[in-house]
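Chain by chain, the residues run as shown.
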Amino acid sequence: MTKKLNPVSMKKENKRIILRYLMEKGKASRAELSKETGLAQSAVWRLIGELEDDGLLEVVGISANIGRSSVIYGPTKSFVTSIIYNVEIAETLVAVGYLDGSWKVVDSFDTQRDFEKFKNKVINSFKKITKEYPIRNHISKVVFSLPGIVNYENKTLMCAPNLNWRYINFGKEFEELGMEIFIENDANLSMLAERFFSPDVKNSKVAFFLYFGEGIGGAILVNGNIVRGRNSAAGEIGHVSFCQEELERYLSPMRLLGTFEYAIGDSYAKNSTLQEKFHYLKLLWSEGNEEVRKVLENYIKHLAITLKNIIYFINPDVIILGGLINDIHETFGNLIEEELYKFLDKTLFNTVIRDTIFEDVPPSLVGGNVLVLEHFLRTL
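Summarised in this report is the structure supplied together with it. (Residues numbered from 1 in each chain as written. Predicted model: local features only at pLDDT ≥ 70, side-chain atom pairs only at ≥ 80, totals over all residues. Heavy atoms only, no water.)

**Describing the pattern of salt bridges**
Applied cut-off: Salt bridge, as applied in this entry: a Lys or Arg side-chain nitrogen positioned within 4 Å of an Asp or Glu carboxyl oxygen. Counting from the N terminus, the helices are the DSSP runs of H or I reaching at least four residues and the strands are the DSSP runs of E reaching at least two. Exposed residues in this analysis have more than 50% of their type's maximum accessible area, buried residues have under 20%, and partly exposed residues fall in between, with area computed by a 1.4 Å probe over protein chains only.
Scanning the model with the defined rule gives 20 salt bridges in all. The residue Lys119 makes a salt bridge to Glu173 at a minimum N-O spacing of 3.1 Å. On the criterion of sequence distance, the pair formed by Lys119 in helix α4 (residues 115-132) and Glu173 in helix α5 (residues 170-173) is long-range, its members being 54 residues apart. The exposure class assigned to Glu173 is partly exposed, which follows from its relative accessible area of 25%. Its salt-bridge partner being Arg228, residue Glu184 comes within 2.5 Å of it at the nearest N-O pair. Here the residue Glu184 occupies a position in strand β11 (residues 181-185), and Arg228 occupies one in the loop between β14 (225-226) and β15 (241-242), the gap between them amounting to 44 residues.

**Considerations on helix α14 (residues 328-340)**
Spacing of three or four residues puts side chains on the same side of an α-helix, whose turn is 3.6 residues. The following threshold applies: The span one expects for a helix is its residue count, reduced by one, times 1.5 Å. Bend is computed residue by residue as the angle between axes fitted to the seven residues ending at the residue and the seven residues starting at it. Residue contacts follow a heavy-atom distance rule, with two residues in contact if any of their heavy atoms lie within 4.5 Å.
Spanning 13 residues, α14 covers only 15 Å between terminal C-alpha atoms, well under the ideal 18 Å at 1.5 Å per step. Its axis deflected by about 50° at Asn334, α14 carries its strongest bend there. Taken as a whole, α14 has its buried residues at Ile328, His329, Phe332, Gly333, Ile336, Glu339 and Leu340. Contacts made by the buried residues of α14 are with β12 (206-212), α12 (274-286), α13 (290-314), β17 (318-323) and β18 (352-355).

**A look at the sheet that holds β12**
Rules: What makes two strands pair is DSSP finding at least two bridges between them. Axis definition: a line fit to C-alpha positions, over the contact stretch in the case of helices; interaxial angles, taken between N-to-C directions, run 0 to 180 degrees.
Strand order in the open sheet formed by five strands is β14-β13-β12-β17-β18, with mixed pairing between adjacent strands. Of all strands in the sheet, those bounded by a partner on one side alone are β14 and β18. Sitting on the sheet, α14 touches β12, β17 and β18, and the angle it makes with β18 is about 155°.

**Focus on the pairing of β17**
Judged by how many residues are buried, β17 sits mostly within the fold: six of six residues are covered. Residues of β17 alternate between two faces, with Val318, Ile320 and Gly322 on one and Ile319, Leu321 and Gly323 on the opposite face, all of them buried. Note that β12 and β17 share six bridges and pair parallel. Bridge assignment links Phe209 to a residue of β17, and that residue is Ile320. The pairing of β17 with β18 spans four bridges and is classified as parallel. Note that in β18 the partner of Ile320 across the bridge is Arg354.

So this is what it looks like as structure tokens:
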């Protein structure tokens with residue numbers, strides 16, 4: 001016996017195919033959608049009409065081809081899909097995300113180690129944002145990107161040592177917002193963003209994201225899926241021991257920059273962001289500051305050892321470097337790889353090492369919206 005295909009299920013799946021293509025590509029004509037998705041032109045026309053009626057697609061332009069013009073469609077930006085709280089040790093960045101995968105930073109505040117104070121800041125920020133930006137209750141979500149061990153399914157932060165937060169159920173704590181709450185580890189969200197937008201990650205069997213925040217973190221992707229492990233702690237490379245110390249002690253950008261507060265200047269060190277301090281450190285390095293050069297060379301050596309261990313342990317196709325600092329490979333790539341291949345046979349390993357594609361924003365923030373888009377596509 002052959003199982004009959006459910007027409008309703010087929011239609012939903014075809015809608016998902018069209019929406020995903022437009023989310024990832026940004027925009028396309030009906031002819032391009034038919035060609036790239038393999039769906040019949042008549043089906044594409046009908047489904048686009050239904051998606052427009054649902055408020056999920058809109059006309060974004062006209063393509064003037066020889067002899068005729070084509071209507072260009074894209075995901076709508078008429079409502080917010082996500083309100084994202086990108087929590088780091090010093091600062092929480094707030095953004096809104098849209099159905100087309102884009103985002104807009106709309107607020108920021110100092111992260112409070114006292115969770116009740118942090119909660120109040122989130123609630124005040126949320127009220128302000130929802131007055132200004134339209135949401136759709138069955139689609140829009142609130143997402144927290146967190147620097148620690150996160151149980152995604154239970155919406156619980158298990159541990160964020162640098163904030164001294166433990167066993168906090170964000171779903172319950174923020175029930176009063178009236179929207180579904182998602183939480184995830186910052187490195188995992190960064191990997192989700194890369195998987196959504198980067199062909200090399202999307203097509204990889206194994207990938208690793210090395211996250212540079214105030215501390216150091218990591219995410220593992222195998223066959224397109226984030227590896228979380230039994231206790232949701234897979235990829236937490238900062239807690240791996242190295243020379244009887246946790247790796248975070250050697251690779252934490254905050255610790256690195258703390259070494260140079262005397263060179264940066266007390267006032268600058270206190271009043272500048274992590275990115276600004278790192279930029280200034282690079283400037284001192286490029287100017288030939290001997291003290292800075294010695295410490296950075298030591299940092300690069302430890303980074304190369306870490307990359308070697310990742311390559312040997314999971315043999316990834318690609319390793320992405322990024323987080324709050326997104327130009328480490330651009331700045332130090334030659335030195336990192338020169339050091340790395342002291343330990344590795346270059347002819348045996350061809351792992352791509354690169355910076356994240358998101359230059360001006362933490363990739364975890366982008367990943368917060370991607371998390372919602374992926375959930376929406378699954379439940380459409």
